[in-house]
Amino acid sequence: MVEPANTVGIPVNHMPLLKDELDIVIPTIRNLDFLEMWRPFLQPYHLIIVQDGDPSKTIAVPEGFDYELYNRNDINRILGPKASCISFKDSACRCFGYMVSKKKYIFTIDDDCFVAKDPSGKAVNALEQHIKNLLCPSSPFFFNTLYDPYREGADYVRGYPFSLREGVSTAVSHGLWLNIPDYDAPTQLVKPKERNTRYVDAVMTIPKGTLFPMCGMNLAFDRELIGPAMYFGLMGDGQPIGRYDDMWAGWCVKVICDHLGLGVKTGLPYIYHSKASNPFVNLKKEYKGIFWQEDIIPFFQSAKLSKEAVTVQQCYMELSKMVKEKLSAIDPYFDKLADAMVTWIEAWDELNPPTKA
Amino acid sequence: MSSAEINKNEVDIVIGALNADLTQFLTSWRPFFSGFHLIVVKDPELKEELNIPEGFDVDVYSKTDMEKVVGASNSTMFSGYSCRYFGYLVSKKKYIVSIDDDCVPAKDPKGFLVDAVSQHVFNLENPATPLFFNTLYDPYCEGADFVRGYPFSLRSGVPCAASCGLWLNLADLDAPTQALKTEQRNTSYVDAVMTVPAKAMLPISGINIAFNRELVGPAMVPALRIAGEGKVRWETLEDVWCGMCLKHISDHLGYGVKTGMPYVWRNERGDAVESLRKKWEGMKLMEKSVPFFDSLKLPETALKVEDCVIELAKAVKEQLGSDDPAFTQAADAMVKWVQLWNSVNSSG
């Protein structure tokens, strides 16, 4: 059995790395009580809260946190007709937070994620580990068997080409979860009691050309490097699919990172995932996705971006065209999604006009 | 997972003896080697008699035995660390587990000795998943599974060709790195096994490795000898080259290569600074190898492992031969290896 950490008595971090360069984006529909537990690690940072569901509800934010909050009315007001690309009644709405942020880095976490304990019993400062991951290079062109060579006590192994040891910039840090693992509905139904108790003490770069299932529960990224690709798609209310928002973003992000020579890491940090969602509800949401992903995956695996696509936006626009061309045949949903991808980029560029350095 | 569940008749443990006295080595591994058949191959350049303790089911091969099987001119192929490949050649088993003679069993974080043999065989017997990365690592181990978003059509996996283990204490770092960080020891026990994705290249270390001999034996090529190759791992690259070939061929044939557990505890041997004094040829050869393997496409018609090795050797000769004589020699050795493999194993 694994338990969350008890963070009572841990002093608030007085030397928070990247305090003014990082926003924490949290989607919520209920309350943010979980932040109390995260206070020692997260209080110094600015929060962007994206309130989903009924905008007339008031979300209580624990005292002492500096935040801005957006509900559906705010999203509609700020984006106008372009608000159609932001999902409703789904945590995919969180990507609105990425768009309005003005910071270089984003950390996003779900409101049912608590602080985990490492094997020594110490509370894991997940944000600090994400920052370390983002600030150290990635190594996507050659797999290092000792995992992240930049960690204390590790290095590149014998045979690792010296010309590749400088690494590339890290765009994404994908964290993991103890306790309730991120399983799909069928697996949850078959193994309702399975808990992830295995603390794998490693961070690694996912090799170039390899896709992975990106979970949005415990995720950080360099917004300046990859932000426009972090669109979490059309999910939830009025849509035929749910629980594929982060997956969709992850596949787009990985194709673009591979194309632009950026790195994606996975592994530490762990958070403690406390709530298992209802598997029957999940099955209804995921149902179409389970079949569609059989076509979506080969699509992304063979997606080739042009040499002319040198910015994230250009890459993303090319991808949206390819989605329209190749995936609309599966379902008209993809036609809508491709349009929404374009809307997203237009909205992103409007809210984030390019500044000359 | 215990050794009782493994069919010991399917496994050969192959040890390359670069040290004459194997007493400490074999005694420390006795709990995990007992019940298995061992093949000990003596480095043909080692002059002293081997010292092997009692109680093991072991066949020992020395230079004379080698020459009987492969001929005197070919025994040079098996000198130094490459002597273990002779063991792979003459084995009749499905799985091979090979551990360097300066390694002993490691302890896991709970203080228990790690049964590296069982873990390797478990890795080999379970499917690999090279076509899509599972963020919870090995989905077939206890307490884990495929995560949300992992395509269902890919969940049955593919056959596992090799299991690459790791090392606590003295990790397999190259000479420049170890010389720079003389005190560095690997104390990090990462509790995971994972499949290295298809198309991803990696440096496979021969220190602690296992493979499915029936599946990919001919691809385990003792081919690349760097000038001044020595008797310490810092002065060799044969395993890294073998691994690059193996991975490429596995990717081509749709097999998987796993990495991670088991760990072994690797002891001090040699001096990284001493090894540095020699011009480190390996560095240059690796730099040339990487773009070669990165762009290499084996023909679709190469469907058998032996054919893949021959095609690979052809490509090495054509594209790398002019860069360095070591590559031409490697290509020739690869062809010779397949010939030897076929002749030794055709009568089996």
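The structure presented is a predicted model; accordingly, all values stated were derived computationally and were not measured. (Residues numbered from 1 in each chain as written. Chains lettered and ligands numbered in written order. Predicted model: local features only at pLDDT ≥ 70, side-chain atom pairs only at ≥ 80, totals over all residues. Heavy atoms only, no water.)

**Brief notes about the overall build of chain A**
The following threshold applies: Helical segments are the DSSP runs of H or I of at least four residues, strand segments are the runs of E of at least two, and each set is numbered from the N terminus. With the radius of gyration taken over C-alpha atoms, the globule rule is written as 2.2 Å times the number of residues to the power 0.38. When accessible area is computed with a 1.4 Å probe and restricted to protein chains, residues below 20% of their type maximum are described as buried, those above 50% as exposed, and intermediate ones as partly exposed. The contact definition used throughout considers only heavy atoms, calling two residues in contact when any of these lie within 4.5 Å. Computed with a 1.4 Å probe, the accessible areas rest on the Shrake-Rupley method; for each residue, only the protein chains presented here act as cover.
Of the regular secondary structure elements, chain A holds ten helices and nine strands. What you see for chain A is a C-alpha radius of gyration of 20 Å, in line with the 21 Å of a compact globule of 357 residues. Expressed as lengths along the three principal axes of its C-alpha atoms, the size of chain A is roughly 55 × 50 × 50 Å. Looking at chain A residue by residue over its 357 residues, the buried ones come to 61%. A fraction of 75% describes how many contacts in chain A between residues 6 or more apart in sequence connect residues 24 or more apart. Surface accessibility of chain A: about 13900 Å² in total, with carbon and sulfur atoms responsible for 54%.

**Some details on the pattern of salt bridges**
Rule in force here: Salt bridge, as applied in this entry: a Lys or Arg side-chain nitrogen positioned within 4 Å of an Asp or Glu carboxyl oxygen.
Overall, the coordinates contain 36 salt bridges over all chains when judged by the stated rule. The shortest N-O distance in the salt bridge between Asp339(A) and Lys324(A) comes to 2.9 Å. With Asp339(A) in helix H10 (residues 332-351) and Lys324(A) in helix H9 (residues 312-327), this pair connects stretches of sequence that are 15 residues apart. We classify Lys324(A) as partly exposed; its relative accessible area is 34%. Bridged by salt links that share partners, the residues Arg158(A), Arg84(B), Asp100(B), Asp172(B), Arg233(B), Glu238(B) and Asp239(B) form one connected network.

**Some points on the packing of aromatic side chains**
All names here are of chain B. As a reminder, the rule being used: Note on aromatic contacts: the rings of Phe and Tyr and the six-membered ring of Trp form a pair at centre separations within 6.5 Å, being stacked when their planes are under 30 degrees apart, edge-to-face when over 60 apart, and tilted otherwise. Consider the ring centre and the ring normal. A charge sits over the ring if Lys NZ or Arg CZ is within 6 Å of that centre and within 35 degrees of that normal.
Per the counting criterion, the structure on display carries 35 aromatic pairs over all chains. Ring centres of Phe146 and Tyr150 lie 4.5 Å apart, and the angle between their planes is 50 degrees; on these two criteria the pair is classed as tilted. With 5.7 Å between their ring centres and 45 degrees between their planes, Trp241 and Phe327 make a pair best called tilted. Of this pair, Trp241 sits in helix H7 (residues 238-253) while Phe327 sits in helix H11 (residues 325-346); the two residues are 86 residues apart in sequence, bridging distant segments of the chain. By relative accessible area, Phe327 is classed as buried at 0%. Among the aromatic residues, those joined into a ring-pair cluster are Tyr61, Phe78, Tyr85, Phe86, Tyr88, Phe211, Trp337 and Trp341. Its end group placed over the ring of Tyr81, Arg233 keeps NZ or CZ at 3.9 Å from the ring centre.

**Side note on the UniProt feature "glycosylation site" (unreviewed entry) in chain B**
Note the threshold: UniProt positions are given in the numbering used here, feature names are shortened, and annotations may be inferred rather than shown by experiment. Under this definition, polar contacts are N or O atom pairs within 3.5 Å; protein pairs additionally need one hydrogen-donor-capable and one acceptor-capable atom, and for neighbouring residues in sequence, both atoms have to be side-chain atoms.
The sites that carry the UniProt feature "glycosylation site" (unreviewed entry) are, in the present numbering, Arg148(B). Assignment of secondary structure puts Arg148(B) in the loop between helix H4 (116-125) and strand S6 (160-169). The contacts of Arg148(B), once residues within four sequence positions are left out, are Asp182(A), Tyr183(A), Asp184(A), Pro213(A), Cys215(A), Arg243(A), Asp246(A), Met247(A) and Glu286(A). Engagement of the side chain of Arg148(B) in a polar contact is seen with the backbone oxygen of Arg243(A), the distance being 2.8 Å.

**A few points about the interface of chain A and chain B**
Counting from both sides, the interface comprises 59 residues of chain A and, opposite them, 61 residues of chain B. One can count nine salt bridges joining chain A with chain B. With its nearest N and O atoms 3.2 Å apart, the salt bridge here joins Asp191(B) to Arg198(A). Those elements giving two or more residues to the side of chain A that touches chain B turn out to be strand S6 (170-179), helix H5 (185-190), helix H7 (245-260), strand S9 (263-273) and helix H8 (279-302) of chain A. The leading source of residues in the side of chain A that touches chain B is H8(A), at six residues.

**A few points about the packing of helix H3 (residues 83-90) of chain B against H11(B)**
All names here are of chain B. For clarity, the cut-off: For every element, the axis is a line fit to its C-alpha atoms; helices are fit only across the contacting stretch, and the angle between N-to-C directions ranges from 0 to 180 degrees. Oblique is the label for any angle not covered by the other classes, which are roughly parallel (under 35 degrees), roughly antiparallel (over 145) and roughly perpendicular (65 to 115). Polarity classes work like this: nonpolar for Ala, Val, Leu, Ile, Met, Phe, Trp, Tyr, Cys and Pro, charged for Asp, Glu, Lys and Arg, and polar for all others, with Gly in that last group.
With their axes 9 Å apart at the nearest point, H3 and H11 run at an angle of 40 degrees to one another. Relative to H11, the element H3 is oriented oblique. From H3, Tyr85, Tyr88, Leu89 and Val90 reach across to H11, where they touch Trp337, Leu340, Trp341, Val344 and Asn345. Taken together, the residues that form the contact of H3 with H11 break down as eight nonpolar, one polar and no charged.

**Structural notes on the UniProt feature "site: Required for activity" (unreviewed entry) in chain A**
Those residues carrying the UniProt feature "site: Required for activity" (unreviewed entry) are Arg158(A) and Arg165(A) in this numbering. Among the residues examined, Arg158(A) registers a relative accessible area of 1% and is labelled buried. Contacts of Arg158(A), omitting those with residues within four sequence positions, involve Asp172(B), Leu173(B), Asp174(B), Pro203(B), Ser205(B), Arg233(B), Thr236(B), Leu237(B), Asp239(B) and Val240(B). Within the element layout of this structure, Arg165(A) appears in the loop between helix H4 (126-135) and S6. Judged by its relative accessible area of 12%, Arg165(A) falls in the buried class. Residues contacting Arg165(A), with those up to four places away along its chain left out, are Tyr150(A), Tyr156(A), Val157(A), Tyr160(A), Asp174(B) and Thr177(B).

**Focus on the UniProt feature "glycosylation site" (unreviewed entry) in chain A**
The UniProt feature table records "glycosylation site" (unreviewed entry) at Arg158(A). As for its position among the elements, Arg158(A) is in the loop between H4 and S6.

**Comments concerning the nonpolar core**
Formally: Residues grouped as a nonpolar core are buried Ala, Val, Leu, Ile, Met, Phe, Trp, Tyr and Cys residues, joined through side-chain atoms within 4.5 Å.
Of all hydrophobic cores here, the largest spans 252 residues; its most connected members are Trp248(A), Phe33(B) and Trp241(B). Listed in part, the five residues of the second largest apolar core include Ala175(B), Ala179(B), Trp234(B) and Ala272(B).

**Looking at the environment of Ser118(B)**
Summarising the element assignment, Ser118(B) is placed in helix H4. Residues Ser118(B) and Lys8(B), 110 residues apart in the sequence, show an inter-C-alpha distance of 9.7 Å.

**Focus: the environment of Thr236(B)**
With respect to the secondary-structure elements, Thr236(B) resides in the loop between helix H6 (213-216) and H7. Sequence spacing of Thr236(B) and Val316(B) is 80 residues, and the spatial spacing of their C-alpha atoms is 19 Å. In contact with Thr236(B), other than residues within four places in its own chain, are Arg158(A), Tyr81(B), Ile226(B), Glu229(B) and Gly230(B). There is a polar contact of 3.1 Å between the side chain of Thr236(B) and the backbone oxygen of Arg233(B).

**A word on H4(B)**
Buried residues dominate H4(B), accounting for eight of its ten residues. Regarding H4(B), the residues found buried are Ala116(B), Val117(B), Ser118(B), Gln119(B), His120(B), Val121(B), Asn123(B) and Leu124(B).

**So, the pairing of strand S4 (residues 105-109) of chain A**
All names here are of chain A. For the record, the criterion: The pairing criterion for strands is at least two bridges between them, as found by DSSP.
Of all five residues in S4, five are buried, a share of seventy percent or more. Across five bridges, S4 lies against strand S8 (residues 218-222) in antiparallel orientation. Residue pairing for S8: Thr108 is matched across the bridge by Leu219.

**Observations regarding the UniProt feature "site: Required for activity" (unreviewed entry) in chain B**
This chain's UniProt record puts "site: Required for activity" (unreviewed entry) on Arg148(B) and Arg155(B). For Arg148(B), a relative accessible area of 5% puts it in the buried group. Note on Arg155(B): relative accessible area 13%, which makes it buried. In terms of polar contacts, Arg155(B) uses its side chain to reach the side chain of Thr187(A), at 3.5 Å.

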